[in-house]
Amino acid sequence: MKSVEIQKFKRPLAWASLIGLLSVASLTAQDGKLTEDEAFFYEEFDESAGVYDPFESVNRYIFKYNDYVFSNTLQPLVDTYTAITPDIVEEGASNFFHNLRYPVRLASNLLQGRFKGAWIETGRFAINSTFGIVGILTPADDYESFAPIESEDVGQVFGAWGIGEGPYLVLPFLGPSNLRDLAGLFGDRAINPIKEPFSMIDDWEWEWQLATFSADYIARSPQIVERYKQLKGSSIDPYSSLKNGYTQYRRGAVSE
Amino acid sequence: MKSFSYMAYLVLGLLLVASVSAQELQKEKLQGMIDATLDVIYSESHASLSADEKKLKVREKIESSYDLDVMIRYAIGKNWRRMNEQEQLEVLELVKQLVLKAYVIGLEGKDRPSVTFGELTEIGKARIEIESTMVLDMKTYYILYRLRQMDSGWQIYDIVAENVSMSSNYRGQIDDHFRKGSAADLIARLKDLLAKDEISGDTKI
């Protein structure tokens, strides 16, 4: 008897709760309060927590200049290079110059206390320089313990040490950077044994230096041009897209 | 009382299992969608289609699984309120077309990439992240798909390629645009970009 009474009471209660819920939902909408989905669209991003760009007008000017050089000089050069060079040669050239930058990667790993990274880089350098014919081939890829890892540089070291990015910069010919990465670039050059000011090659004539620099630049360019085209291709504001993309990429590299 | 606790634990356990398998299903759904879009671009049966037809087909495939508006609304963020209703609809449509254009043209002339899906991680309330690697032109790219459970079901709200979040990148650009420009300028700019044959237009801003 008692349970029948409870059942009788429960049904109107359920209806009342449902009507109550619906009224609250409708009132929330009328009050202009956001639904959960709507609030989600307005949430702030961690990644885009601002890029300090006090030199925007100068940066935009250099960006346009670089873009002109890219489109009219580098891209035709890269197109010709990739058209006339077999993929295997292209890959070999890229591997060779990557192998030469080993001291930068080694020092950068050590300076961040990444001893495992330093060990892997050293192993890869030893295997690729010998069995890989001065780094043209990468037989180290076949060893699981020496699988390729993300390249480290001095800019990342500064980031890992807690040095701030500083203002965003666009460097002539070199593209997006920031004050910390610009300082890192000088650090990379100082460590690199084939680049001045601490080159280990005696009587390093400027013609040879230029030739080495150009060959390295061209070997690296297809990848750079491809990434640049991809980022620029779908962007509303290419300058802003590159600034945001570069900053996110570097922040990710430092935090890893 | 004891049987009530057992029942509660049982229901809780069942709900947990159901939620985990529902999330795992998302991985299969995502993989299916990616495969279907790549089929449109690379399969022999679609070889005769023009780039525009391919874009339409790719869009159909994506929209049969996900609501593209979610990702674009998330990228627009608070700037949404700076536009009237008509401008909002127009911007949604134009950005959608721009993203699809970049996707289709970006893969054209290249070998079909191989995509492998990795771990699924819960990254917050009703949010998951699905790892994937894409090998394209002998290079490996790490891509993360972020999904959120919306009123309309699980939706992709961000794609992170090589540490670069697409939504954040667009949000940065749109924020920068609205510091100086209007919604009408944005629409004009988007139409201008879509009218170009190539995806790499000039840098006029």
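Residues numbered from 1 in each chain as written. Chains lettered and ligands numbered in written order. Predicted model: local features only at pLDDT ≥ 70, side-chain atom pairs only at ≥ 80, totals over all residues. Heavy atoms only, no water.

**Observations regarding the overall build of chain B**
Basically, it comes down to this: Each helix is a run of H or I in the DSSP string that is no shorter than four residues. Each strand is a run of E no shorter than two, and both are numbered from the N terminus. We call a residue buried when its accessible area falls under 20% of the maximum for its residue type, exposed when it is over 50%, and partly exposed in between, using a 1.4 Å probe and counting protein chains only. Here a residue-residue contact requires only that any non-hydrogen atoms of the pair lie within 4.5 Å. All accessibility values rest on the Shrake-Rupley procedure with a 1.4 Å probe; residue burial counts only the protein chains present in the view.
A tally of helices and strands in chain B yields 6 helices and 5 strands. Along chain B, helices and strands appear, N-terminal first, in the series α-α-α-α-β-β-β-β-β-α-α. Within chain B, buried positions represent 47% of all 205 residues. A fraction of 55% describes how many contacts in chain B between residues 6 or more apart in sequence connect residues 24 or more apart. Of the roughly 11000 Å² of accessible surface on chain B, 55% is carried by carbon and sulfur atoms.

**Details of the packing of helix 4 (residues 87-100) of chain A against helix 5 (residues 102-111) of chain A**
All names here are of chain A. Basically, it comes down to this: Angles run from 0 to 180 degrees between N-to-C directions of axes, and those axes are lines fitted to C-alpha atoms, restricted for helices to the stretch in contact. Oblique is the label for any angle not covered by the other classes, which are roughly parallel (under 35 degrees), roughly antiparallel (over 145) and roughly perpendicular (65 to 115). Throughout, the ten residues Ala, Val, Leu, Ile, Met, Phe, Trp, Tyr, Cys and Pro are labelled nonpolar, Asp, Glu, Lys and Arg are labelled charged, and all others, Gly among them, are labelled polar.
Relative to each other, helix 4 and helix 5 sit at 45°, their axes nearing to 5 Å. Classified by the angle between their axes, helix 4 and helix 5 sit oblique to one another. From helix 4, His98, Asn99 and Leu100 reach across to helix 5, where they touch Tyr102, Pro103 and Arg105. Split by residue class, the contact of helix 4 with helix 5 holds 3 nonpolar, 2 polar and 1 charged.

**Things to note about the side chain of Arg180(A)**
Residue and element names in this part refer to chain A. Definition in use: Within this scheme the basic residues Lys and Arg register as positive and the acidic residues Asp and Glu register as negative, but His and the chain ends are omitted. By convention in these notes, a salt bridge is any Lys or Arg side-chain nitrogen within 4 Å of a carboxyl oxygen on Asp or Glu.
Along the chain, the position of Arg180 falls in helix 8 (residues 179-191). Asp181 provides the closest opposite charge to the buried, unpaired Arg180, separated from it by 4.1 Å. Residue contacts for Arg180: discarding those within four places in its chain leaves Gly155, Phe158, Gly159, Ile163, Gly164, Glu165 and Val254.

**Observations concerning the interface of chain B and chain A**
Many analyses report the size of an interface as the accessible area lost when the parts associate. In plain terms, the rule: Two parts lose some accessible area (1.4 Å probe) when they are put together, and adding that loss for both gives the buried area.
Taken together, the contact between chain B and chain A spans 45 residues of the former and 41 residues of the latter. Buried area between chain B and chain A, summed over both chains or domains, comes out near 4100 Å², and the portion from carbon and sulfur atoms is 51%. Where chain B packs against chain A, one counts 8 salt bridges. The partner of Glu56(A) in a salt bridge is Arg179(B), with the nearest N and O atoms 3.3 Å apart.

Spatial relationships are all this shows, so hold off on functional conclusions.
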